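Given next are the chains, with one letter for each unit.
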Amino acid sequence: QDWLLPEKVQQAGLVVVGTQESQYTRPRVEGVEFSTEQDWVDTICDVIGETHTMYRGMSMGKTRIFIWARLDVLAGIQHYKAADKWMGSLVTCSSKGGVAALLS
């Protein structure tokens, strides 16, 4: 959480966080389902607080992009377009490629 500075984030209209080839793992808790993606989202939401709401998120294997918007900015977003491109050998490698989002 230290890399995402709450005092700076709260001033931003958009917060976009992307991950690629993340080696992140969380200690297992018996009887608890675990999603790396959901843990990323939950952690960022905890840091951002209530100043922003999650607008969109998309994943392609180990490559992810998440977008949060301040409510006043969210009201001005008219269009959203997303794209992904697999580049792995025979599309078997989940860490090769990219994701993109366009907001207007």
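The model shown is predicted, which means the values in this text are computed figures rather than measured ones.

About the thresholds
- Residues numbered from 1 in each chain as written.
- Predicted model: local features only at pLDDT ≥ 70, side-chain atom pairs only at ≥ 80, totals over all residues.
- Heavy atoms only, no water.
- Pairing = 2+ DSSP bridges.
- Helix = DSSP H or I, 4+ residues; strand = E, 2+ residues; numbered from the N terminus.
- Core = buried A, V, L, I, M, F, W, Y, C linked by side-chain atoms within 4.5 Å.
- Buried < 20%, exposed > 50% of the residue type's maximum accessible area, 1.4 Å probe, protein only.
- Phe/Tyr/Trp six-rings, centres within 6.5 Å; stacked < 30°, edge-to-face > 60°.
- Lys NZ or Arg CZ within 6 Å of the ring centre and 35° of its normal.

J.: I'm lost on the pairing of strand β2 (residues 52-60) in this one. Help?
T.: If a strand is regular, its side chains alternate between the two faces of the sheet. Sheet analysis places β2 next to strand β3 (residues 63-70), joined by 8 bridges and oriented antiparallel. Bridge pairing in β3 links methionine 54 to tryptophan 68. Between β2 and β3, which pair antiparallel one after the other, the connecting turn spans 2 residues, and glycine 61 there sits at a positive phi close to 65°.

J.: Help me out: how do you make sense of the nonpolar core in this one?
T.: A general tendency of soluble globular proteins is for nonpolar side chains to be buried together. By size, the foremost hydrophobic cluster in this structure holds 11 residues: Leu4, Val9, Val15, Val17, Trp40, Val41, Ile44, Val47, Ile48, Phe66 and Trp68. By residue number, the principal contributor to this core is helix α2 (residues 36-48), which donates 5 residues.

J.: Would you mind going over the packing of aromatic side chains with me for this structure?
T.: Think of a pair of aromatic rings as described by two things: how far the centres are apart, and how the planes are tilted against each other in angle. If you walk through the whole model with that rule in mind, you get 2 aromatic pairs. Between phenylalanine 66 and tryptophan 68 the ring centres are 6.0 Å apart and the planes differ by 50°, which places this aromatic pair in the tilted class. There is no split in this pair, since phenylalanine 66 and tryptophan 68 are both buried. Across the ring face of tyrosine 55, the terminal group of arginine 56 is positioned such that the distance to the ring centre comes to 5.0 Å.

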